[in-house]
Amino acid sequence: MDDDTVDRLRRVPSRLLAMANGHADRLVGGGLSGVGAHRWHFAVLATLADGGPASQAELSRRTGIYRSDMVAVLNELEQHGYVRRAPDPDDRRRNVISVTGAGERRLRELDALVTALQDELLAPLSKAERERLVDLLARLVSHHGGMPA
């Protein structure tokens, strides 16, 4: 926002969140794109690494990625050897997806990049302010039906 922006607009939370989100999307999207990845790759790999193998439907629920988009994401990750699909022994109609060794290495690379990008995004904030911002945003998202608090 420039100096000509009226004070009223500078204090509208939804507008500020949208503007910060736009900047965050460009920053993180551009950073990930520079290494041949995108945010969904990171989300799926992190979810599998932290939560263990899952069906496509469960991955969809855990990550918030639409089921229709999940197939394409998994195809890309599988093509690079980052995930493995195997028939579910309890239900042969579905697959269980797990992260591979290559996927764990890729996740470490992406995690380091995403951490650096978060530092760039949040540069004007102290460590305590960053933690407080994350807590407040997580509460908002949880309240409005997003991820659990």
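Up top is the structure.
Residues numbered from 1 in each chain as written. Predicted model: local features only at pLDDT ≥ 70, side-chain atom pairs only at ≥ 80, totals over all residues. Heavy atoms only, no water.

Description of the overall build of the chain
Basically, it comes down to this: To qualify as a helix, a DSSP run of H or I must reach at least 4 residues; to qualify as a strand, a run of E must reach at least 2; elements of each kind are numbered from the N terminus. To sort residues, take the accessible area from a 1.4 Å probe on protein chains only and compare it with the maximum for the residue type: under 20% means buried, over 50% means exposed, and anything in between is partly exposed. Contacts are residue-level and defined by heavy atoms, with any inter-residue pair within 4.5 Å sufficient. Working definition of accessibility: Shrake-Rupley area with a 1.4 Å probe, residue cover restricted to the visible protein chains. We score Asp and Glu as negative and Lys and Arg as positive, and we do not count His or the chain ends. One atom stands in for each charge, and that atom is NZ of Lys, CZ of Arg, CG of Asp or CD of Glu.
Per the secondary structure count, the chain includes 7 helices and 3 strands. In sequence order, the secondary structure elements of the chain are arranged as α-α-α-β-α-α-β-β-α-α. Principal axes of the C-alpha set define a box for the chain whose edges measure 60 × 30 × 25 Å. For the chain, with 149 residues in total, the buried portion stands at 26%. In the chain, 45% of the contacts between residues at least 6 apart in sequence involve partners at least 24 apart. Within the structure as shown, the chain displays about 10000 Å² of accessible surface, and the carbon and sulfur contribution to it stands at 53%. Taking the average place of the 21 positive charges on the side chains of the chain and the average place of its 21 negative ones, the gap between the two points comes to 4 Å.

Here's the deal with the side chain of D88
Positionally, D88 belongs in strand 2 (residues 83–88). Contacts of D88, omitting those with residues within four sequence positions, involve R94, N95 and V96.

Thoughts on helix 3 (residues 39–51)
In an α-helix, one turn spans 3.6 residues, which is why side chains three or four residues apart end up on the same side. Our working definition: For a helix, the expected span equals 1.5 Å multiplied by the number of residues minus one.
Its 13 residues place the ends of helix 3 18 Å apart at the C-alpha level, agreeing with the 18 Å of an ideal helix rising 1.5 Å per residue. Residues of helix 3 that are buried: H41, F42, V44, L45, A46, T47 and L48. Against the buried residues of helix 3 lie strand 1 (54–55), helix 4 (56–63), helix 5 (67–79), strand 2, strand 3 (91–99) and helix 6 (101–121). Just past helix 3, the residue G52 takes up positive phi, approximately 85 degrees.

Here's the deal with the packing of helix 3 against helix 4
The condition is simple: Simply put, an axis is a line fit to the C-alpha atoms, just over the touching stretch for a helix, and the angle between two N-to-C directions goes from 0 to 180 degrees. For classification purposes, an angle smaller than 35 degrees is called roughly parallel, one larger than 145 roughly antiparallel, one from 65 to 115 roughly perpendicular, and anything else oblique. For this classification, the nonpolar set comprises Ala, Val, Leu, Ile, Met, Phe, Trp, Tyr, Cys and Pro, the charged set comprises Asp, Glu, Lys and Arg, and every other residue, Gly included, is treated as polar.
One can describe the packing of helix 3 onto helix 4 by two numbers: an axis separation of 10 Å at closest approach and a directional angle of 105 degrees. Between helix 3 and helix 4, the angle is such that the two are roughly perpendicular. Contacts between helix 3 and helix 4 involve A43, V44, T47, L48 and G51 from the former and L59, R62 and T63 from the latter. When the residues that make up the contact of helix 3 with helix 4 are grouped by side-chain class, the tally is 4 nonpolar, 3 polar and 1 charged.

A short note on the packing of helix 4 against helix 5
Relative to each other, helix 4 and helix 5 sit at 105 degrees, their axes nearing to 10 Å. For the element pair helix 4 / helix 5, the angle class is roughly perpendicular. Residues Q56, A57, L59, S60, R61 and T63 of helix 4 pack against R67, M70, V71 and L74 of helix 5. Per-class residue counts for the contact of helix 4 with helix 5 are 5 nonpolar, 3 polar and 2 charged.

So, the sheet that holds strand 1
Quick reminder of the rule: By the convention used here, strands pair only if DSSP detects at least 2 bridges between them.
Pairing is antiparallel in the open sheet, where 3 strands are placed in the order 1-3-2. Either end of the sheet is taken by a strand with one partner, and the two such strands are strand 1 and strand 2.

A look at a nonpolar patch on the surface
Quick reminder of the rule: Like-charged residues are merged into a patch within 9 Å and nonpolar side chains (Val, Leu, Ile, Met, Phe, Trp, Tyr) within 5 Å, provided each residue has over 30% relative accessible area and no salt bridge. When a carboxyl oxygen of Asp or Glu lies within 4 Å of a side-chain nitrogen of Lys or Arg, that pair is called a salt bridge.
Together, L17, L133, L137 and L140 give the surface a local cluster of nonpolar side chains, amounting to about 290 Å² of exposed area. Mapped onto the elements of the fold, L17 is located in helix 2 (residues 13–33).

Observations concerning the nonpolar core
Rules: Take the buried residues of types Ala, Val, Leu, Ile, Met, Phe, Trp, Tyr and Cys, join any two whose side-chain atoms come within 4.5 Å, and each joined set is a nonpolar core.
Judged by nonpolar contacts, the single largest core of 24 residues is most densely connected at V44, L45, L48, L59, L74, L77 and V83. Top contributing element to this core by residue count: helix 3, with 5 residues.

None of the figures reported here should be taken as evidence of function without further support.
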